[in-house]
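Now for the letters of each chain:
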Amino acid sequence: MIKQVFIVALLISIALGVSVHVNDPSVDVAKGLVFRLLPDHVNIFKFEVIPPPSGEKEYDVYELETSTDGLIIIRGNNAGSMAAALNHYLKYHCFCQVSWGADNLDIPKPHPKIKEKIRVTTIHKHRYYMNTCTHGYSTVWWDWKRWEREIDWMALNSINAPLMFTGQEKIWQETYDELKISTKGFFSGPAFLPWNRMGNLIGWAGPLSSHWLSTQLDLAKQIVKREREFGMKPILPAFNGYVPPRLNETYPSAKVVQMKQWGAFPGTYFLDPLDPLFQRIGVTFLSKLSQALNGTDHLYNADPFNEMTPPSKEEQYLSKVSSSIYSSMYQVDSHATWIMQAWFLAVDDFWKPPVARALLNAVPRDNLIMLDLYAEVSPVWTETSEFYDHHFIWCMLHNFGGRPGLYGKLPDVNKMLFKSISTAKNTMSGIGLSMEAIENNPIAYDFVTDMTWRREQVADMNEWVNDYADRRYGLPNKKSNDDVALAREAWRLLLSGPYNCSTDQMGASGSVVAATPGLNITGVSFAPLFIYYDVKSHLESRLINMIWLIVGMQCLSALALDVYKNIQSSFASKNVELFRKESEKLKRIMFDMEKLASTNKNFMLGTWTSSAKKWAGGDELEKSHLESNARLLVTTWNSPKWGAWEYAYRMWSGIIMDLYVPRWDIFFDECEEALVNNVPFDKERFNNRVTRNDWAWVYSDWEYTDQETGDTLEVIKQIYDYYFY
Ligand SMILES: *[C@@H]1O[C@H](CO)[C@@H](O)[C@H](O)[C@H]1NC(C)=O
Ligand SMILES: *[C@@H]1O[C@H](CO)[C@@H](O)[C@H](O)[C@H]1NC(C)=O
Ligand SMILES: *[C@@H]1O[C@H](CO)[C@@H](O)[C@H](O)[C@H]1NC(C)=O
Ligand SMILES: *[C@@H]1O[C@H](CO)[C@@H](O)[C@H](O)[C@H]1NC(C)=O
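Residues numbered from 1 in each chain as written. Chains lettered and ligands numbered in written order. Predicted model: local features only at pLDDT ≥ 70, side-chain atom pairs only at ≥ 80, totals over all residues. Heavy atoms only, no water.

Q: What is the right way to look at the overall build of the protein in this model?
A: Across its full length, the protein holds 27 helices and 19 strands. Based on the C-alpha atoms only, the size of the protein along its principal axes is roughly 105 × 75 × 50 Å. Counting only residues that meet the buried cut, the protein has 61% of its 725 residues in that class. Taking all contacts inside the protein whose residues are at least 6 apart in sequence as the whole, residues at least 24 apart take part in 75%. When the accessible surface of the protein is split by element, carbon and sulfur atoms take 52% of a total near 29300 Å². (Helix = DSSP H or I, 4+ residues; strand = E, 2+ residues; numbered from the N terminus. Buried < 20%, exposed > 50% of the residue type's maximum accessible area, 1.4 Å probe, protein only. Contact = heavy atoms within 4.5 Å. Areas by Shrake-Rupley, 256 points an atom, 1.4 Å probe, with all protein chains shown as cover.)

Q: Sorry if this is basic, but what is going on with the sheet that holds strand β11 (residues 256-258) here?
A: Sheets are built from strands that pair by backbone hydrogen bonding, the pairs being arranged parallel or antiparallel. Here we have three strands laid out as an open sheet, ordered β10-β12-β11, and antiparallel in their pairing. Of all strands in the sheet, those with a lone pairing partner are β10 (242-243) and β11, marking the two edges. (Pairing = 2+ DSSP bridges.)

Q: Even after reading the chapter, I still don't get unusual backbone geometry, so can you show me in this structure?
A: Backbone torsion omega between Lys-109 and Pro-110 reads -5°, so that peptide bond is classified as cis. Mapped onto the secondary structure, Pro-110 falls in the loop between β5 (103-104) and β6 (118-121). A cis amide bond links Gly-206 to the next residue, Pro-207, at an omega of 0°. Positioned with a positive phi, Glu-307 is a non-glycine residue whose angle comes to about 60°. Its relative accessible area of 37% is what places Glu-307 among the partly exposed residues. In this structure, Ser-525 is a non-glycine residue whose phi angle is positive, near 50°. For Ser-525, the position within the fold is in the loop between β18 (523-524) and β19 (527-528).

Q: What is the right way to read the sheet that holds strand β3 (residues 72-76) from this model?
A: On the basis of which strands lie adjacent, the open sheet formed by four strands has the order β1-β3-β2-β6 and mixed pairing. Whereas interior strands pair on both sides, the edge strands pair on one side only; in this sheet they are β1 (45-49) and β6. With direction set aside, neighbouring strand axes in the sheet form an average angle of 15°. Strand contacts of helix α3 (residues 79-92): β1, β2 (61-66), β3 and β6, with the helix running at about 45° to β2, the strand carrying the most contacts. (Axes fitted to C-alpha atoms, helices over the stretch in contact; angles between N-to-C directions.)

Q: What's the story with the side chain of Asp-446 in this structure? I'm lost.
A: Looking at where Asp-446 falls in the secondary structure, it is placed in helix α16 (residues 442-450). Residue Asp-446 is classed as buried on the basis of its relative accessible area, which comes to 9%. In terms of polar contacts, Asp-446 uses its side chain to reach the side chain of Arg-471, at 3.0 Å. Once residues within four sequence positions are removed from consideration, Asp-446 is found in contact with Lys-91, Gln-97, Trp-464, Tyr-468 and Arg-471. (Polar contact = N/O pair within 3.5 Å; in protein donor to acceptor, adjacent residues only side chain to side chain.)

Q: I'm lost on the nonpolar core in this one. Help?
A: As a rule of thumb, soluble globular proteins bury nonpolar side chains together. Counting 247 residues, the largest nonpolar core has Trp-637, Tyr-660 and Trp-664 as the members making the most contacts within it. Considering every element that reaches this core, the biggest residue donor is helix α21 (residues 549-572), with 13 residues. Residues within four places of Trp-664 in sequence aside, it is in contact with Val-512, Val-513, Ala-515, Pro-517, Ile-521, Tyr-564, Leu-586 and Met-590. (Core = buried A, V, L, I, M, F, W, Y, C linked by side-chain atoms within 4.5 Å.)

Q: Is there a simple way to explain the environment of Cys-671 in this structure?
A: Position of Cys-671 among the secondary structure elements: in helix α25 (residues 655-677). Sequence spacing of Cys-671 and Ala-487 is 184 residues, and the spatial spacing of their C-alpha atoms is 44 Å.

Q: Can you walk me through the packing of aromatic side chains in this structure?
A: A ring pair, where both rings are aromatic, is described by two values, the distance of the centres and the angle of the planes. Evaluated as defined, the whole model comprises 59 aromatic pairs. Here the aromatic rings of Trp-343 and Phe-400 are separated by 6.2 Å at their centres, their planes lie at 50°, and the arrangement is tilted. Pair noted here: Trp-343 is in helix α12 (residues 343-347) and Phe-400 is in the loop between β16 (391-396) and α15 (410-423), with a separation of 57 residues, a long-range link. Under the relative-accessibility criterion, Trp-343 is labelled buried at 9%. An aromatic cluster is present here, built from Tyr-137, Phe-192, Trp-195, Trp-204, Trp-262, Phe-265, Phe-526, Trp-637, Trp-645 and Tyr-647 joined pairwise through their rings. Of note, Arg-146 hangs over the ring of Trp-142, and the distance from its end group to the ring centre comes to 3.9 Å. Its end group placed over the ring of Trp-697, Arg-631 keeps NZ or CZ at 4.9 Å from the ring centre. (Phe/Tyr/Trp six-rings, centres within 6.5 Å; stacked < 30°, edge-to-face > 60°. Lys NZ or Arg CZ within 6 Å of the ring centre and 35° of its normal.)

Q: Hey, could you run me through the pairing of strand β17 (residues 428-433) in this one?
A: A regular strand places its side chains so that they alternate between the two faces of the sheet. Counting buried positions over the six residues of β17 gives six, a clear majority of the element. Across four bridges, strand β7 (residues 126-129) lies against β17 in parallel orientation. Bridge pairing links His-126 to Gly-430 in β17. Pairing analysis gives five bridges linking β16 to β17, with the strands arranged parallel. Each bridged residue has a counterpart across the sheet, and for Cys-395 the counterpart in β17 is Gly-432. Read as a crossover between parallel neighbours, the route from β16 over α15 to β17 is right-handed. (Right-handed = clockwise from strand over helix to strand, strands pointing away.)

Q: How should the pattern of salt bridges be read in this particular structure?
A: A side chain of one charge can pair with a side chain of the opposite charge when the charged atoms of the two come close. In total, this model carries 43 salt bridges according to the counting rule given. As a salt-bridge pair, Lys-225 and Glu-229 come within 3.3 Å of each other at their nearest N and O atoms. Of this pair, Lys-225 and Glu-229 both sit in helix α8 (residues 210-229), four residues apart, roughly one helical turn. A salt bridge links Arg-663 to Asp-694, with the nearest nitrogen and oxygen atoms 3.1 Å apart. With Arg-663 in helix α25 and Asp-694 in helix α26 (residues 683-698), this pair connects stretches of sequence that are 31 residues apart. Residue class for Asp-694 comes out buried when judged on its relative accessible area of 3%. Bridged by salt links that share partners, the residues Lys-46, Glu-48, Glu-63, Glu-65, Arg-75, Lys-117 and Arg-119 form one connected network. (Salt bridge = Lys/Arg side-chain N within 4 Å of Asp/Glu carboxyl O.)

Q: Explain the side chain of Arg-226 to me, please; I cannot follow it from the model alone.
A: Along the polypeptide, Arg-226 turns up in helix α8. Within the structure, the side chain of Arg-226 is placed 2.9 Å from the side chain of Glu-148, a separation counted as a polar contact. Residue contacts for Arg-226: discarding those within four places in its chain leaves Arg-36, Trp-144, Glu-148 and Ile-151.

Q: Explain α8 to me, please; I cannot follow it from the model alone.
A: Along an α-helix, residues three or four apart share an orientation, since each turn contains 3.6 residues. Taking 1.5 Å of rise per residue, 20 residues should cover 28 Å, and α8 covers 29 Å from first to last C-alpha, within 8% of that figure. Of all the residues in α8, the buried ones are Trp-212, Leu-213, Gln-216, Leu-217, Leu-219, Ala-220, Ile-223, Val-224, Arg-226, Glu-227 and Arg-228. Where α8 is buried, its residues contact α2 (25-37), α5 (144-156), β8 (161-162), α6 (168-178), α7 (193-197) and α10 (276-292). Among the residues trailing α8, Gly-231 stands out with phi positive, at a value near 85°. (Expected span 1.5 Å × (residues − 1).)

Q: Just checking my understanding: could you explain the state of the cysteines for this structure?
A: The bond known as a disulfide is covalent and runs between the sulfur atoms of two cysteines. Across all of its chains, the model carries zero disulfides by this definition. Left unpaired, Cys-94 is separated from the closest cysteine sulfur, that of Cys-96, by 5.1 Å. Between Cys-555, a free cysteine, and Cys-501, which holds the nearest cysteine sulfur, the sulfur-to-sulfur gap is 17 Å. Assessed through its relative accessible area of 5%, Cys-555 is described here as buried. (Disulfide = S-S within 2.5 Å.)

Q: Please clarify how the environment of Thr-309 should be interpreted in this entry.
A: With respect to the helices and strands, the residue Thr-309 is situated in the loop between β13 (299-301) and α11 (315-330). Here Thr-309 falls in the partly exposed class, since its relative accessible area comes to 29%. Considering only alpha carbons, one finds Thr-309 and Leu-201, 108 residues apart in sequence, at a separation of 14 Å. Aside from chain neighbours lying at most four places away, what touches Thr-309 is Met-259, Lys-260, Asp-348 and Phe-350.

Q: It is not clear to me how the confidence of the model for the protein should be interpreted in this structure. Could you clarify?
A: The predicted coordinates should not be examined in detail at positions where pLDDT is low. Mean pLDDT for the protein: 93, with 94% of residues reaching 70 or above. Contacts for the low-pLDDT stretch residues 1-18, under 50 throughout, to residues beyond four places or in other chains number one contact. Ignoring residues within four places in sequence, the model shows residues 539-546, a span with pLDDT below 50, making 13 contacts including any to other chains. (pLDDT = per-residue confidence, 0-100.)

Structure (C-alpha cells):
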C-alpha cells in the first residue's frame, strides 16, 4: 500500500514536471548562511534546488522571484548558486553589502519584492579565489570563525574554486616520516609558509610546532567540508619537486640540485623529475592528503618555478618536470587537473616561447589550467597564443603583500576582462581573484565578482559606482537625497582618481613614512611614492565629510610626502632650522596616523599578533615565536643582512609608533649630526642603527592591544581641521 501511494505520488510529480527539491541538503546549507548573516530574516526566504543549466557554455544558474504569499524564493543548482542569488537580492533589491571588515545588512521593512522572475546563468566554469601568498599575508592566523565568514563571502560572490593550502604541513611531515626523511631545517615559520611551499626558502623563522601542525590540519578539514557543502571545489596542494635539505642523509644517491638563491635566501633543493623518489613523495603525499580531507575534487596546485629559475633550459628536461608532477597527481587521481599560477611567465625572461611551451605541453591539454595571475596589468594569454592553446583563468592580482593605499584599475579591468571573454573563447575557462592579500580596496574585488553573471561589459562605470555607493551605505533606504548625492559623488571621485590607475605600478603608491628613512627615498619596496592622481582635488572636495579611515590615512601619507621633500631640500641646502621644523612636522603626521589607526581594530598590530598567539596552545615560548613571525612578515620580512624589505608593510597602530617613528628619529639624529658638523650623512652607521632597532623591536615582548581607542570620524575631523583648513 505504502509502496503504491509512493508510486502514485511519484507519477504525479513527474506528470506535473516538478523538478524542484526542497529537502536537498544544499537547502540546509543555504539556510545556514542566512542564519549566520541575517538571523532576523530567516523567514522571508524559501530555497529550492533546480537542475543545472543545459545551454552550451552555461555552468551555474539561479532564479529569484516573490511568491504569492510574499516570500523571496531563491533557486539554484547548488548551495553556492543559491548564495549568489541571495547576494543578488541583497545587492540589487535591498541596497545591502557584505564586505570585508563591515557589512551593511539593513534590509528595508517590508522587504522589497521582486517584480518579475529573474533567471541568470554564468559562462564561467571556474571562479577562482586566492593566491598562494594570501595564505601568508592574510589568512595565516585565522581561526574557524574567520574562515567560516570568508567562505560565506566566497559563496555570496560565486567563488567555486578556492585555493585550499591550510594544514598541508602535517601531511608533509607524515609523508617524510614514512620515507624516513628528516624535515629538520625545512619548514619555515607559519607566516612564511607560502614561500616555503613554493620552494623559495627553507627554514626561515621556523620551525613549526607539532601543535601548529595538528590544529591547522583540523582547521583544514572544517574549511574543505564547508566549501564542498557550497558546491565549491577546493584546490589542494600537490608535490612540486622541492624537498627537505637532509633528504640525502637517507637517500645519498638521490638526484637533488640546489637552486639559485631567492633574494637573500640560500638556494633550496629540487628533486630530479626522473628520480624514482619523485613519484614516491608525490603519490604518498597526495594519497595521505585526500584521505585526511575526505576525498578530493580533482583540482591541484603545484608551482615548480615561481620566481625560481629552473636548473636547465633544455626543453626535454622541462617537459619531464611537468610530466612528473602531473603523473604523481594522476597516479592518485585519474581525473586530476593541475592548476598552475602563471606568474613566472609574466615576470621571468627565462620563459621564451619554446621553453614555456615545453613545460606546458607535457601535460594533457584538458588536465592543465593556467592562472593568468596578473591579467589586469601583464596578461600572459595575449603573449603566448593563449598559453599555447591551454585553458586559463583570467585573474586580477591587484594587491601585493597587503600593502595599503587606495588603488584600482576598474575601467581597465572592465575592458580587458570582456576582451578576453570575447577573444579567448576556446581557452578561457573562468575568472578569478589572485590578490596576495585581502581586506583592502573591496570595491575592486566586488567589481570582478559582479561580472560573474554578466555577458556584456559595464557600459557606464560611473553608474556602476553610484550603485556601489548605494549598497555600501544603504543609501536609498534611509538617507536624505543630499547624502545619497554626496556619497555617490565621493565614490565617483575615487573612481576618477585612485581607482582609475593607468600606470603599470605594482599596487598602491607607497607611504613615505613606512620606508626605511634615507635621503633619496623613491618607493616602499616595489611601491612607488609617486601618486598618479590629483590628491589635492580629493582633499578639497566635500568628500572629506564622508570619508573614513583609509582616505584619511591616504591624505596624511600624501602630506607626509610633501614634508619629506622639504626635509630633503633643507638637508641639501644645509638649512638646519628648516630641517628641524619639517622633521617635527613629519613626526606630528605620524602621531596622527597612529591615532587614526588606533580607532579601528582592522588597523592595529595587536589584532594581528593576538590572533597569531592564539595558535600557541598556551605555550609561552611558542607565543613569542608566533608573535615575532607575525611582526616580521609585515615589516622587515627578510634577514637583517639584506636590510628591511617592507614588501608587506602596513599602516597599523603599533607599527607606526614603535617602528616607523624610532627609525625616523634615528634618521633625523644622523642628519643633524651631519648638518651640525658639516660632514656627509653616515649611511653605514645609520643602517646599523636602524637594523638593530628593527630587530630589537621584532623580537621584543611589548604587548599590543586589540582594543580600539577614539572615534574614527572625530579623529578625522581633528586631522582635517589641523592640516587642511
Ligand atoms: C647533503 O647535502 C648537503 C647540501 O648539499 C650537504 O651539505 C651534505 O653534506 C650532504 N649530506 C650527505 C650525507 O650527503
Ligand atoms: C565525506 O564525504 C562524503 C561525500 O563524499 C560525505 O557524505 C561525508 O559526510 C563526508 N564526511 C565528513 C566527515 O565530512
Ligand atoms: C580613466 O582614465 C582614462 C585616461 O587614462 C580616461 O580616458 C577615462 O575616462 C577615465 N575613466 C573614468 C571612469 O574616470
Ligand atoms: C635618487 O634615486 C633615483 C633612483 O634610484 C636616481 O635616479 C636619482 O639619481 C637619485 N637622486 C639623487 C639625488 O641621488
